[in-house]
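Analysis of the macromolecular model
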Amino acid sequence: ASPKKRPRLDLTGSALANATSRTSGGERRKGKSIFGMVIGTLNKAKIEDKERMASEAAKKRQSIDARLQAKLAKEQSLIRKQDEAKKDRLAAIRKEEDLSVKDGILKYRYTVLPQLSNFLLTTDVIRHTVPAPDDPPRSPSPPLSSTLPHPPATSHPPALYYLPKTLTPSQELFIAQRRKQAGTRVREEKEEWDGERQKGIEAVRELREKSAAQ
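Remember, predicted model here, so these are calculated numbers, not experimental data. (Residues numbered from 1 in each chain as written. Predicted model: local features only at pLDDT ≥ 70, side-chain atom pairs only at ≥ 80, totals over all residues. Heavy atoms only, no water.)

Digging into the overall build of the protein
When its secondary structure is counted, the protein shows 2 helices and 2 strands. The order of helices and strands in the protein, counted from the N terminus, is α-β-β-α. Accessible surface computed for the protein: about 16,800 Å², of which carbon and sulfur atoms make up 58%. (Helix = DSSP H or I, 4+ residues; strand = E, 2+ residues; numbered from the N terminus. Areas by Shrake-Rupley, 256 points an atom, 1.4 Å probe, with all protein chains shown as cover.)

Right, dumping it as structure tokens:
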């Protein structure tokens, strides 16, 4: 049998060039693959960083908005309380002024009514016969109307107060009964006004306390 031939190594330039080319191509592909992985990792990290920063910015904006809303609500509440306090102060002042005016008017009325009860009205109807002591004076209108000190305008010409130089017994009795009626009315009205005035003073005090507390 003939001996086996050993394979020859091709050490020519073309063979070496082919081998080098294959090696370089593999290394380039490997390098590209690694480079692509690095780029992908960097891009992913950049995206995650952007998302994290966006999330933190959103949380920061929400926190700022919440603080602004709380501050605005606090300021609005303060303004509302100040307005309510101002309204209460003005209401207390008006109430106090009304009480003062009415008190002055009624004090004048309580002074004038007894004085006017000493006079007769041109509209008075006085019986010439002496009535019983408890009989009220006859008059087409109340002898002490709510419009006093002005005489009631129930006729034309209007009624006037007058006082004869000399009174008849019937006139004297009529005036005496009118004085009694005037005293009773003044006393009753004073009692009623005292209660109303006290309630008004209490209302003013409550308004002032409410205003001061706000």
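What to know about the nonpolar core
Listed in full, the 8 residues of the largest apolar core are A92, L99, L106, Y110, L113, V186, W193 and V204. Broken down by secondary-structure element, the contributors of at least two residues to this core are helix 1 (13–116) and helix 2 (169–213). With 5 residues, the single largest contributor to this core is helix 1. (Core = buried A, V, L, I, M, F, W, Y, C linked by side-chain atoms within 4.5 Å. Buried < 20%, exposed > 50% of the residue type's maximum accessible area, 1.4 Å probe, protein only.)

Section: a nonpolar patch on the surface
On the surface, I34, V38, I39 and L42 cluster together into a nonpolar patch covering about 330 Å² of accessible area. Position of I34 relative to the elements: it lies in helix 1. (Patch = residues over 30% accessible without salt bridge, like charges linked within 9 Å, V, L, I, M, F, W, Y side chains within 5 Å. Salt bridge = Lys/Arg side-chain N within 4 Å of Asp/Glu carboxyl O.)

Some thoughts on helix 2
For helix 2, with 45 residues, the first-to-last C-alpha span of 66 Å sits near the 66 Å given by 1.5 Å per residue. Three or more residues of helix 2 are buried, namely S170, Q171, F174, I175, Q177, R178, A182, V186, W193, G200, V204 and S211. (Expected span 1.5 Å × (residues − 1).)

Observations concerning the pattern of salt bridges
A full pass over the atoms with the stated rule returns 8 salt bridges. We note a salt bridge from E96 to R208, for which the minimum N-O separation is 2.7 Å. You can see E96 sitting in helix 1 and its partner R208 sitting in helix 2, a full 112 residues away along the chain. Note on E96: relative accessible area 41%, which makes it partly exposed. Assessed through its relative accessible area of 39%, R208 is described here as partly exposed. Close ionic contact of R197 with D103 constitutes a salt bridge, the shortest N to O distance being 3.8 Å. Taken as a pair, R197 in helix 2 and D103 in helix 1 lie far apart in primary sequence, 94 residues in all. The network of salt bridges with shared partners includes D103, K107 and R197.

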